[in-house]
Amino acid sequence: METPAARPAFYPLFLSLEGMRCLVAGLGQVGRRKLEGLLACGPAFVLVLDIDEPSPGDTALQDLLRQGNVRFERRACVENDMQGMALVFATTGNDAENRRIAAICRRNGVLCNCASAPEEGNFQVPAVARKTPLAAALSTGGASPALARRWKGELVCWLAPRARMACLMGRLRPLVLALGGETGQNTELFRKLAASPLQQWLEEKEMENCRQWLLAELPTELHAHIAELLYDLP
């Protein structure tokens, strides 16, 4: 028996949904998770379709559907629904229906995530570990969603101390660039910061060590900002 050809690797991408329109077809457990994930990223509009009326007693779901950028319609998905959509999620409880939606998306050149038949769609949603301002996405390529969920939790723990360093760099970078220094000088400073003991000191809350290091390494024009750079890091 011939071994099926391996599918090409997925291209990892962090996508801004600002100004984009999305569609979720099916409001079961999977569809609900997809809707929650979309709304957390601020799309312009989400059309939600299901052949059943959502339970009025499900207050959490009703709150999602009442958001200003969401419209719920009790019906099946049709081809015209794809017009202007950036992402479509086929999450009904019916495999044949999900495949039908995925086929419509292929005809219309729309990105589709097909819950029951991932091979019919053209993107998967990774497990995402977040610790502001960091996000780490993990995919097992469909091999084991259970492992992806487990490792997502481990990634959150790994990100926690690094989030402080990322927050510090996020505050510092625009201040450095505003000085108008040469690109090479800025690059050297940013690399020195990244290789410094600051991350470890921030994890251990050794703020005086951080302050002294920044005083020694930052341009004198930025010394007045050191207190605010270190204030209330996550």
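One numbering rule holds for all chains: residues counted from 1, following each sequence as written. The predicted nature of this model means local features are confined to residues of pLDDT at least 70 and side-chain atom pairs, given and counted, to a pLDDT of 80 or more, with totals for whole chains, interfaces and linings taken over all residues. Based on all heavy atoms of the structure, the side-chain values leave hydrogens and waters out of the count.

Naming follows an unreviewed UniProt entry, where the protein chain appears as precorrin-2 dehydrogenase of Desulfovibrio falkowii. According to its UniProt record, the protein chain has this under Pathway (unreviewed entry): "Porphyrin-containing compound metabolism; siroheme biosynthesis; sirohydrochlorin from precorrin-2: step 1/1." UniProt positions are given in the numbering used here, feature names are shortened, and annotations may be inferred rather than shown by experiment.

Time to look at the side chain of Asp 50. For helices the rule is a DSSP run of H or I covering at least 4 residues; for strands it is a run of E covering at least 2, with both sets numbered from the N terminus onward. Checked against the element boundaries, Asp 50 lands in strand 2 (residues 45-50). Within the structure, Asp 50 has its side chain in polar contact with the backbone nitrogen of Leu 27 (distance 2.7 Å). By the convention used here, residues are in contact when the closest approach between their heavy atoms is within 4.5 Å. In contact with Asp 50, other than residues within four places in its own chain, are Gly 26, Leu 27, Gly 28, Phe 72, Glu 73, Arg 74 and Arg 75. Contacts described as polar in this section are N or O atom pairs within 3.5 Å, which, within protein, must combine one atom able to donate a hydrogen with one able to accept it, while residues neighboring in sequence count only if both atoms come from side chains.

Multiply 1.5 Å by the residue count of a helix minus one, and that product is the helix's expected span. Taking 1.5 Å per residue, 14 residues should reach 20 Å; helix 3 (residues 95-108) reaches 20 Å between its end C-alpha atoms and fits that length. Listed in full, the buried residues belonging to helix 3 are Glu 97, Asn 98, Ile 101, Ala 102, Ala 103, Ile 104 and Cys 105. Tucked into the core, helix 3 has its buried residues touching strand 1 (21-25), strand 4 (87-90) and strand 5 (111-114). The buried label applies to any residue whose accessible area, calculated with a 1.4 Å probe on protein chains only, is under 20% of its type's maximum; exposed applies above 50%, and partly exposed to all values in between.

Here we take up a nonpolar patch on the surface. Residues Tyr 11, Leu 13 and Leu 15 make up a contiguous nonpolar surface patch of about 410 Å² in total accessible area. On the basis of relative accessibility, which here comes to 73%, the residue Tyr 11 falls in the exposed class. Note that patches include only residues with greater than 30% relative accessible area and no salt bridge, and the join distances are 9 Å for like charges and 5 Å for nonpolar side chains (Val, Leu, Ile, Met, Phe, Trp, Tyr). Note that accessible areas follow from Shrake-Rupley with a 1.4 Å probe, and for residues the cover is restricted to the protein chains shown. Definition used for salt bridges: Asp or Glu carboxyl oxygen within 4 Å of a side-chain nitrogen of Lys or Arg.

Take the nonpolar core next. Inside soluble globular proteins, nonpolar side chains tend to come together where they are buried. Buried Ala, Val, Leu, Ile, Met, Phe, Trp, Tyr and Cys residues that are joined via side-chain atoms within 4.5 Å together make up what is termed a nonpolar core. One finds Leu 168, Leu 193, Leu 198, Leu 214, Leu 218 and Leu 230 to be the most contacted residues of the largest nonpolar core, which totals 20 residues. Those elements giving two or more residues to this core turn out to be helix 4 (145-178), helix 5 (183-195), helix 6 (198-203), helix 7 (207-217) and helix 8 (226-230). Top contributing element to this core by residue count: helix 4, with five residues. Ignoring anything within four residues of it in the chain, the contact list for Leu 230 reads Leu 168, Arg 171, Leu 202, Met 207, Cys 210, Arg 211 and Leu 214.

Turning to the packing of aromatic side chains, a few remarks are in order. In summary, the pairing rule links any two rings of Phe, Tyr or Trp, Trp by its six-membered ring, whose centres are within 6.5 Å, and it sorts them by plane angle into stacked for under 30 degrees, edge-to-face for over 60 and tilted for everything else. Using the criterion set out here, one finds one aromatic pair in the structure. Pairing Phe 89 with Phe 123 gives two aromatic rings, centres 5.5 Å apart and planes at 85 degrees, and the pair type is edge-to-face. Residue Phe 89 is located in strand 4, and its partner Phe 123 is located in the loop between strand 5 and strand 6 (127-131); the two are separated by 34 residues in the primary sequence. On the accessibility criterion, Phe 123 (16% relative accessible area) is buried. Two conditions define a charge sitting above a ring: the NZ of Lys or the CZ of Arg must be within 6 Å of the ring centre, and it must be within 35 degrees of the ring normal. One Lys or Arg, Arg 162, reaches over the ring of Trp 158 and ends 4.0 Å from the middle of that ring.

With respect to the helices, strands and loops of the structure, Cys 114 is situated in strand 5. Judged by relative accessible area, Cys 114 falls into the buried class, the value being 2%. Each C-alpha atom of the pair Cys 114 and Asn 98 lies 6.2 Å from the other, and the pair is 16 residues apart in sequence. Contacts of Cys 114, omitting those with residues within four sequence positions, involve Ala 90, Asn 98, Arg 99, Ala 102, Glu 120 and Gly 121.

To continue, consider the state of the cysteines. Here is the idea: a disulfide is a covalent bond, and it sits between the sulfur atoms of two cysteines. Disulfides are defined as cysteine sulfur pairs within 2.5 Å. In this structure the tally under the stated criterion is zero disulfides. Not part of a disulfide, Cys 41 finds its nearest cysteine sulfur in Cys 22, a span of 9.4 Å.

So, on to the pattern of salt bridges. For the coordinates displayed, the defined rule picks out 15 salt bridges. Between Asp 58 and Arg 32 there is a salt bridge, with the nearest N and O atoms lying 2.6 Å from each other. With a gap of 26 residues between them, Asp 58 in the loop between strand 2 and helix 2 (59-65) and Arg 32 in helix 1 (residues 29-39) connect regions that are remote in the sequence. Given the relative accessible area of 22%, Arg 32 is considered partly exposed. When the shortest N-O distance is used, the salt bridge between Arg 107 and Glu 79 registers 3.0 Å. Taken as a pair, Arg 107 in helix 3 and Glu 79 in the loop between strand 3 (70-74) and strand 4 lie far apart in primary sequence, 28 residues in all. Overall, Arg 107 belongs to the exposed group, its relative accessible area being 55%. The class of Glu 79 is partly exposed, set by a relative accessible area of 36%. One salt-bridge network, held together by shared partners, links Asp 95, Arg 99, Arg 106, Glu 119 and Glu 120.

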